[in-house]
Amino acid sequence: GRQHWRPLFDQYHLTAAFENHDHVFKRSKLLRNDQVDEAGTLYLGDGCFGKPTRFLRGPRREDRTKRWYIAHSASVPHFWLVDLSAEKVVFKGVDEHGAVVDEYELPRPETP
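Residues numbered from 1 in each chain as written. Predicted model: local features only at pLDDT ≥ 70, side-chain atom pairs only at ≥ 80, totals over all residues. Heavy atoms only, no water.

Regarding the environment of V100
Now for step 1: Structurally, V100 is set in strand 9 (residues 100–107).
Now for step 2: Beyond its immediate stretch of four places on either side in the chain, V100 contacts K92, G93 and V94. (Helix = DSSP H or I, 4+ residues; strand = E, 2+ residues; numbered from the N terminus. Contact = heavy atoms within 4.5 Å.)

Dropping the structure here:
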């Protein structure tokens, strides 16, 4: 993904990418060219309904809270709710009980 998709996301100024598979909650920092950039892409993941969450720590897993590109992570079943308006985009991570786990707001992206 990083080799083939990230360059396209950077080139076309993708606002947000939704990832899955890890079964944990994740929100990245804004990233472009493998570094933090306020004009970068927000990566949200990793989905987790219908499967047990994975632990962020384990014998074969790095502690995700220490990864440089992660802004927020947790072992929480969740889904992402996205609210679009003319002024902004609001991303809300919602847990299985309806509580907001995380919220992040971006101004409406301008067309490059």
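Back to the write-up after that little detour.
What about a nonpolar patch on the surface?
Now for step 1: Together, W5, L8 and Y12 make up a nonpolar patch on the protein surface, roughly 370 Å² of accessible area in all.
Now for step 2: For L8, a relative accessible area of 37% puts it in the partly exposed group. (Patch = residues over 30% accessible without salt bridge, like charges linked within 9 Å, V, L, I, M, F, W, Y side chains within 5 Å. Areas by Shrake-Rupley, 256 points an atom, 1.4 Å probe, with all protein chains shown as cover. Salt bridge = Lys/Arg side-chain N within 4 Å of Asp/Glu carboxyl O. Buried < 20%, exposed > 50% of the residue type's maximum accessible area, 1.4 Å probe, protein only.)

Focus on unusual backbone geometry
Now for step 1: Residues other than glycine seldom take positive phi values, yet N33 does so here, at roughly 55 degrees.
Now for step 2: Topologically, N33 is positioned in the loop between strand 3 (31–32) and strand 4 (35–36).
Now for step 3: Note on N33: relative accessible area 47%, which makes it partly exposed.

Some details on the packing of aromatic side chains
Geometrically, a pair of aromatic rings is defined through the distance of the ring centres and the angle of the planes.
Now for step 1: Applying the stated criterion across every chain yields a total of four aromatic pairs.
Now for step 2: Aromatic side chains W5 and F9 sit 6.0 Å apart centroid to centroid with 35 degrees between the ring planes, which places their arrangement in the tilted category. Taken together, the residues span about one helical turn, with W5 and F9 both in helix 1 (residues 5–11) at a distance of four residues.
Now for step 3: Ring geometry for F25 against W80: centres 5.1 Å apart, planes inclined by 25 degrees, an arrangement best described as stacked. Of this pair, F25 sits in strand 2 (residues 25–28) while W80 sits in strand 7 (residues 78–84), and the two are 55 residues apart along the sequence.
Now for step 4: A residue is classified by how much of its surface remains accessible, and F25, at 0% relative accessible area, is buried.
Now for step 5: Taking the relative accessible area as the measure of exposure, W80 reaches 16% and is therefore buried.
Now for step 6: An aromatic cluster is present here, built from W5, F9 and Y43 joined pairwise through their rings. (Phe/Tyr/Trp six-rings, centres within 6.5 Å; stacked < 30°, edge-to-face > 60°.)

What about the sheet that holds strand 6 (residues 70–74)?
As a general point, the strands of a sheet are linked pairwise by backbone hydrogen bonds and lie either parallel or antiparallel.
Now for step 1: Read across the sheet, four strands follow the order 1-5-2-6 without closing on themselves; strand pairing throughout is mixed. Each having just a single partner strand, strand 1 (16–18) and strand 6 make up the two edges of the open sheet. Each neighbouring strand pair of the sheet contributes to a mean axis angle of 10 degrees, computed without reference to strand direction.
Now for step 2: Here four bridges tie strand 2 to strand 6, and the two strands are oriented antiparallel to one another. Each residue of the ladder has a partner; that of F25, found in strand 6, is A74. (Pairing = 2+ DSSP bridges. Axes fitted to C-alpha atoms, helices over the stretch in contact; angles between N-to-C directions.)

Quick look at the nonpolar core
Within soluble globular proteins, side chains that are nonpolar generally end up buried alongside one another.
Now for step 1: Of all hydrophobic cores here, the largest spans 11 residues; its members are A16, F25, L30, L42, L44, A74, V76, W80, V89, F91 and L106.
Now for step 2: When residues of this core are traced back to their parent elements, those giving at least two are strand 5 (42–45) and strand 8 (88–95).
Now for step 3: For L106, the residues in contact, after removing those within four places along its chain, are T15, L30, L42, K88, V89 and F91.
Now for step 4: Core analysis: the next-biggest nonpolar cluster, separate from the first, contains six residues, F9, A17, Y43 and I70 among them. (Core = buried A, V, L, I, M, F, W, Y, C linked by side-chain atoms within 4.5 Å.)

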